[in-house]
Amino acid sequence: GPGYGYIGVDVVTLAAMAGLGAAATVLFSLVPALTVTASATASSALGAARSTTGAPGRQWLRSALAGGQVALALALAVAATLINGAVDSAVNGALGFDKRGLATARLTLPERPYQSLERRRQFVTDVLERMRGLPGVSNAAAVSSLPYGTSTSSRPFSPEGAAEDARRRDVSFQRVTPGYFATLGVPIVAGRGLEDSDREDGLQVAVVSRRLVEHYWPDVDPLGRRFRLSNDGPWITVVGVSADVLQQWFTGRTEPTVYRPMRQDPGLGMAIVVRTAAPPEALLPEMRRAIAAVDPDQPVQAAMTMDEVIAERVAGIDYFATILSAMTAIALALALTGIYSLMAFLASRRTREIGVRIALGATAGQVQWLAAERALLIVGGGIAAGGSLAFALSRVMQSALFGLVTPDIPTIAGTIAVLAIVTVVAGYLPGRRAAAQDPWQALRAE
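What to know about the overall build of the chain
Here's step 1: What the chain contains, in helices and strands, is 12 helices and 11 strands.
Here's step 2: Restricting to contacts in the chain with at least 6 residues of sequence separation, those with at least 24 account for 80%.
Here's step 3: Carbon together with sulfur atoms contributes 60% to the accessible area of the chain, which is approximately 23100 Å² in total.

So, the packing of helix H3 (residues 117–132) against helix H6 (residues 284–294)
Here's step 1: For the pair H3 and H6, the least separation of the axes is 9 Å and the interaxial angle reads 140 degrees. Classified by the interaxial angle, the pair formed by H3 and H6 is oblique. Handedness of the crossing formed by H3 with H6: right-handed. Contacts between H3 and H6 involve Phe-123, Asp-126, Val-127, Arg-130 and Met-131 from the former and Met-287, Ala-290, Ile-291, Ala-293 and Val-294 from the latter.
Here's step 2: Here the contact of H3 with H6 is built from residues that sort into 8 nonpolar, no polar and 2 charged.

Brief notes about the pairing of strand E6 (residues 205–209)
Here's step 1: Among the 5 residues that make up E6, 5 are buried, leaving the element largely enclosed by the rest of the structure.
Here's step 2: Bridge count for E6 against strand E8 (residues 236–242) is 5 bridges, and the pairing is parallel. Paired with Ala-206 across the two strands is Val-238, which belongs to E8.
Here's step 3: When E6 meets strand E9 (residues 257–261), the two strands line up antiparallel, connected through 2 bridges.

With respect to H3
Here's step 1: With 16 residues, H3 should cover 22 Å at 1.5 Å per step; its first-to-last C-alpha distance of 23 Å lies within 8% of that length.
Here's step 2: The inward-facing, buried residues of H3 contact strand E1 (102–108), strand E2 (137–143), strand E10 (269–276) and H6.
Here's step 3: Where H3 begins, the side chain of Ser-116 points an oxygen toward the backbone nitrogen of Glu-118, at a separation of 3.3 Å.

Structural notes on the nonpolar core
Here's step 1: Judged by nonpolar contacts, the single largest core of 61 residues is most densely connected at Phe-97, Tyr-148, Tyr-180 and Phe-181.
Here's step 2: A total of 15 residues in this core trace back to one element, the largest contributor, which is helix H2 (residues 56–92).
Here's step 3: Ignoring sequence-local partners within four residues, the contact set of Tyr-180 consists of Ala-141, Ala-142, Val-143, Pro-147 and Tyr-259.
Here's step 4: Grouped together as the second largest cluster of nonpolar side chains are 25 residues, Tyr-114, Val-124, Leu-128 and Val-137 included.

With respect to helix H7 (residues 306–313)
Along an α-helix, residues three or four positions apart point the same way, because every turn accommodates 3.6 residues.
Here's step 1: Listing the buried residues of H7 in full gives Met-306, Val-309 and Ile-310. Looking down the long axis of H7, one finds its buried residues gathered within 95 degrees of arc, a one-sided arrangement.

Some remarks on the pattern of salt bridges
Pairing between side chains of opposite charge can happen when their charged atoms approach one another.
Here's step 1: Counting across every chain of the model gives 12 salt bridges.
Here's step 2: Residues Glu-118 and Arg-121 are paired through a salt bridge, measuring 3.4 Å at the closest nitrogen-oxygen approach. Of this pair, Glu-118 and Arg-121 both sit in helix H3, 3 residues apart, roughly one helical turn.
Here's step 3: When its relative accessible area of 36% is taken as the criterion, Glu-118 is described as partly exposed.

Details of the pairing of strand E11 (residues 302–305)
Here's step 1: Side chains Ala-302 and Met-304 of E11 all project onto a buried face; the interleaved residues Ala-303 and Thr-305 project onto the opposite face, where all are buried too.
Here's step 2: Examined bridge by bridge, E1 and E11 share 4 bridges and lie antiparallel to one another. Its bridge partner being in E11, Arg-106 is matched across the sheet by Ala-302.

Some thoughts on the side chain of Arg-175
Here's step 1: Mapped onto the secondary structure, Arg-175 falls in strand E4 (residues 169–176).
Here's step 2: On the accessibility criterion, Arg-175 (17% relative accessible area) is buried.
Here's step 3: Among the polar contacts listed, one links the side chain of Arg-175 to the backbone oxygen of Asp-265, at a separation of 2.6 Å.
Here's step 4: Not counting residues up to four positions away in its chain, the partners in contact with Arg-175 are Ala-142, Val-143, Ser-144, Arg-155, Arg-260, Met-262, Asp-265, Pro-266 and Gly-267.

Digging into the packing of aromatic side chains
Think of a pair of aromatic rings as described by two things: how far the centres are apart, and how the planes are tilted against each other in angle.
Here's step 1: Summed over the entire model, instances satisfying the criterion amount to 8 aromatic pairs.
Here's step 2: Pairing Tyr-114 with Phe-123 gives two aromatic rings, centres 5.5 Å apart and planes at 75 degrees, and the pair type is edge-to-face. Here Tyr-114 matches Phe-123 in class, with each residue buried.
Here's step 3: On the basis of an interplanar angle of 55 degrees and a centroid distance of 6.5 Å, the ring pair of Tyr-216 and Trp-217 is categorised as tilted. Of the two residues, Tyr-216 and Trp-217, neither departs from the other in class, the shared state being buried.
Here's step 4: The ring centre of Tyr-114 lies 4.6 Å from the NZ or CZ of Arg-119, which sits over that ring.

Looking at the environment of Phe-97
Here's step 1: By secondary structure assignment, the location of Phe-97 is in the loop between H2 and E1.
Here's step 2: Phe-97 gets classed as buried once you look at its relative accessible area, which sits at 8%.
Here's step 3: Residues Phe-97 and Ala-182 lie 85 residues apart in sequence; the distance between their C-alpha atoms is 9.8 Å.

Procedures and definitions
Residues numbered from 1 in each chain as written. Predicted model: local features only at pLDDT ≥ 70, side-chain atom pairs only at ≥ 80, totals over all residues. Heavy atoms only, no water. Helix = DSSP H or I, 4+ residues; strand = E, 2+ residues; numbered from the N terminus. Contact = heavy atoms within 4.5 Å. Areas by Shrake-Rupley, 256 points an atom, 1.4 Å probe, with all protein chains shown as cover. Axes fitted to C-alpha atoms, helices over the stretch in contact; angles between N-to-C directions. Parallel < 35°, antiparallel > 145°, perpendicular 65-115°, else oblique. Left-handed = near helix turned anticlockwise from the far one by under 90°. Nonpolar A, V, L, I, M, F, W, Y, C, P; charged D, E, K, R; others polar. Buried < 20%, exposed > 50% of the residue type's maximum accessible area, 1.4 Å probe, protein only. Pairing = 2+ DSSP bridges. Expected span 1.5 Å × (residues − 1). Polar contact = N/O pair within 3.5 Å; in protein donor to acceptor, adjacent residues only side chain to side chain. Core = buried A, V, L, I, M, F, W, Y, C linked by side-chain atoms within 4.5 Å. Arc of directions from axis to C-beta. Salt bridge = Lys/Arg side-chain N within 4 Å of Asp/Glu carboxyl O. Phe/Tyr/Trp six-rings, centres within 6.5 Å; stacked < 30°, edge-to-face > 60°. Lys NZ or Arg CZ within 6 Å of the ring centre and 35° of its normal.

Take a look at the structure:
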């Protein structure tokens, strides 16, 4: 499941967060208060009420804090951009099938009533016949596990002619009915798909994915090739090659896959999937009733549209992306506020200096550059530190998410450019306001 039941805030967590917030507020309010008190005392003692910029050490500390805000905002912005891109790719990227207009129902047949393989086959046949009779349904099929489903299956793949001691590789394994590829919109790129004539007493056949062919038979025609899925299993003949389907989003890649006729190898777990021209969510109650009409004692574990199946599977990373985006917005707001406040403070401390410069003939552009130069230095330092942090963070994300997230230089560069422009503007505005003041009023300022 998506894990929504594990997401919540209890009293202890709320109290701990409130305590940390209060402590942080007191700490970061106390330091400026002490600084202002010390500054006022020193100014009174030395008669330096007209000081323009303050102590160099304090200027450095203010600049470092503002630059740190920019660096953190940049790192979070890059991380949020990458993770949201990963979510979009997982939901709307190259899935290998058409997710639109699909309704699904997942169920597991009880072993005792359906111990007979023939009864399993008959159940699937009867259910699909009823599904095809539902209004708006154009195709219906059964599959052992849906793409992006909660369960997957694999088998050791042994192609004919391979050395006995060769290490066998596990491949993704699916049981499907003949209409599966048409229902999901998966093309057959060579040979044929599975057909109703592929019965249990006939030739054991399979359709394999293009990725499997590239791995095992890259330079030969795969049609007619044989393989086994266990040491004592039957030889299975390849009759067709399908396009690749992304079975699980978190791998970020398609896997070699074998599709066997469900009639030749029926299992207990399955999903029914139908394609409809109507809104698929409207068909879900009808699907439940159709299954109940075949076996009133057979429960449906989950009935969802394919969009909901995908959304459920990516719910965890989507939740993380949402939280990270919110943190990024907060960090960006703090960075912009910090830059603007610092530049406004420095401009106010240099009011008399600016008035003198304007009275001596300095242009508005020169005064604006004087104010913006400091902002550029702060932003530049923050971007240099934040860019390095962002790249390191993207590599950690790449490792943690199995390659789904990849460091994207254009994305990082674009995020840096946008953040640089926004923060420079935040630093430029106080200088522009200072340059527009009346020089004589500035000279008389206390």
